[in-house]
Amino acid sequence: MTTSRTLQLKAALLSALIFLTLLGIWYVATASSGAGGAAAAMTPEQIEYAKMMGKEVGATKSGGFPTLGQMGSTVWGHLANPFYDNGPNDKGIAIQLAHSLGRVGLGFALACLVAIPLGFIIGMSPLLRRAFDPFIQVLKPISPLAWMPLALYTIKDSSVSGIFVIFICSVWPMLVNTAFGVASVKREWLNVASTLEVNPLRRAFLVILPAAAPTILTGMRISMGIAWLVIVAAEMLVGGTGIGYFVWNEWNNLSLTNVIFAILMIGVVGMLLDLAFGQLQKAVTYVE
Amino acid sequence: MWSEVPSRLATPVSPAPSLPQRKVSPVDGFLKIEKLSKAYQPAKPVFADVSFTLERGEFVCVIGHSGCGKTTILNVLAGLDTASGGHVFMDGREVVGPSLDRGVVFQGHALMPWLTVRQNIAFAVKSRWPEWPAAKINVQVEKFVAMVGLSHAIDKKPSQLSGGMKQRVGIARAFSIQPKMLLLDEPFGALDALTRGTIQDELMTIVRQTQQTVFMITHDVDEAILLADRILLMSNGSETANGYVPGGIAEEVVNPLPRERTRAGLHHLDGYYELRNHIVDFLVTRAVAH
């Protein structure tokens, strides 16, 4: 026990060290692009010329990569007031994330409703498994964004199309994993259920579902990961709201600090989603 | 050839007077197996023409080499497999599928690893009596867990139990639905010798108390002698000079030892070595090359 604890402590220290090193590299690399250094070296004439050319000397807005200080103030600014809403192009980061999470949640939930029952049926019936297999094999590798034009044309609503794209990318891993999990439930557990004359519904919910649950949850976890990857791209295309739109909008504003901040938030939220599914997976996993 | 009269039958079988509860009436025929056969290749059935009966309250063991079809016979009796030919009747009705009337103890314990011991047995009890309230189910579960001496582990998951404890739970589950008969498929095959002995004793005590009818598969000669009232010796199918001969029951041996025998005293009983040698000789010389 103590060895694993010291290992954990060492790993945490090392992580912190790596983090500080990265920040250090960032600090050193962006130190020259800061505003102060450049202005001090200029003669008054040069400064005047620069002003006439529309360049604010000494202003923090520089063309280079943002410094750590600028980044810090941006992060603080967003996190201090995450829920403001100043019209369509200026919303708090929490509101943007909530829009993205809402789309992902809805698309994912729809995918669960379709993939898990269908996967169950496919897993139980070798005939259906073979019949569905070619469709799954062809549809699975399609990039979810390739569906976007078709979705926009048929659904005629950009927001719903986003949800559809999430749905279509979440469906396959869940479907395949559910079918696999159900098909590989141990024969002996099914035999126990048979000798106990368990009716099909009880057998499905009390034997097959718990037996296949770890595999199904793995599929859901993979689906959620893909959905979170796809939502950013989908929102860049669809626009309006969401973290993907925020990234694109801030790119158009040439505000790299905001883009970097959004990237970090995408990573953190993705990690939290994965952790949540990891916990769920732990809850249904059994040791044989 | 398999209808030869076994010399063993000549030994007088005298049920011990101290055990008057043995309710075996010779004409009862509680479980009847008639001309059962199983063939994966039509020309070469694994076994054919297997007929025997079990009386109510009787403990019958089948012993034979791997591949002779013991497990297939048991699965047919359980309703989990179908025979290529022949019929099985229990209590006058043909066996056509699995039934709660026949409790099965599987080779691997077949406990559901996501349920605790209590939940595993409650699942069986609830399947048997769906209308029972939770409290009544719980009473039944605790009674049968106590019967195999696992009350202290009732809320543990199977993964937290030893192999012997798991198999005990499997036995408790089979008994908890109070079936008309029990089918045991090498229940102690995976256990070490010491654990095996202890559970054999437990099983014997429980079977004697409940007067359960039992059909059991085993590889272990001593286990068969200890537990069984009657031992069916099975031969494998084999190629002979006269063509292929399917496997089947070569001999039925009635156990002449007193019914209240114990594992510890078994090898001191008169007739034990004679019986044991007879079965071992069968397995070594006659079971395969028929």
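Residues numbered from 1 in each chain as written. Chains lettered and ligands numbered in written order. Predicted model: local features only at pLDDT ≥ 70, side-chain atom pairs only at ≥ 80, totals over all residues.

1. Overview of the overall build of chain B
- Each helix and strand counted, chain B has seven helices and 12 strands in total.
- Within chain B, the proportion of its 290 residues that are buried is 42%.
- Within chain B, contacts between residues at least 6 apart in sequence are counted, and of these 71% link residues at least 24 apart. (Helix = DSSP H or I, 4+ residues; strand = E, 2+ residues; numbered from the N terminus. Buried ≥ 20, exposed ≤ 12 C-beta atoms within 10 Å, placed from the backbone. Contact = placed C-beta atoms within 7 Å.)

2. Some details on the packing of helix 5 (residues 93-124) of chain A against helix 11 (residues 243-252) of chain A
Residues and elements named next belong to chain A.
- Viewed as axis vectors pointing N to C, helix 5 and helix 11 meet at an angle of 130°, and their least axial separation amounts to 7 Å. It follows from the interaxial angle that helix 5 and helix 11 lie oblique. Across the interface between the two elements, Gln96, Leu97 and Ser100 from helix 5 touch Ile243, Gly244 and Phe246 from helix 11. (Axes fitted to C-alpha atoms, helices over the stretch in contact; angles between N-to-C directions. Parallel < 35°, antiparallel > 145°, perpendicular 65-115°, else oblique.)

3. Points about the sheet that holds strand 4 (residues 85-90) of chain B
All names here are of chain B.
- Spatial strand order, 2-1-4-5: four strands in an open sheet with antiparallel pairing. Two strands lie at the open edges of the sheet, namely strand 2 (47-54) and strand 5 (93-94), each paired on one side alone.
- Bridge analysis of strand 1 (residues 31-38) against strand 4 gives five bridges, and the strand direction is antiparallel. Of the residues in strand 4, the one forming a bridge with Ile33 is Val88.
- Relative to strand 1, helix 1 (residues 70-78) is tilted by about 125°, and along the sheet it contacts strand 1, strand 2 and strand 4. (Pairing = 2+ DSSP bridges.)

4. Focus: the packing of helix 7 (residues 148-155) of chain A against helix 8 (residues 158-183) of chain A
Residue and element names in this part refer to chain A.
- Running from N to C, helix 7 and helix 8 cross one another at 135°; their axes reach a closest spacing of 9 Å. Classed by the angle they form, the pair helix 7 and helix 8 counts as oblique. Crossing angle aside, the handedness with which helix 7 passes helix 8 is right-handed. Between helix 7 and helix 8, the residues in contact are Met148, Ala151, Leu152 and Ile155 and Ser158, Val160, Ser161, Phe164 and Val165, respectively. (Left-handed = near helix turned anticlockwise from the far one by under 90°.)

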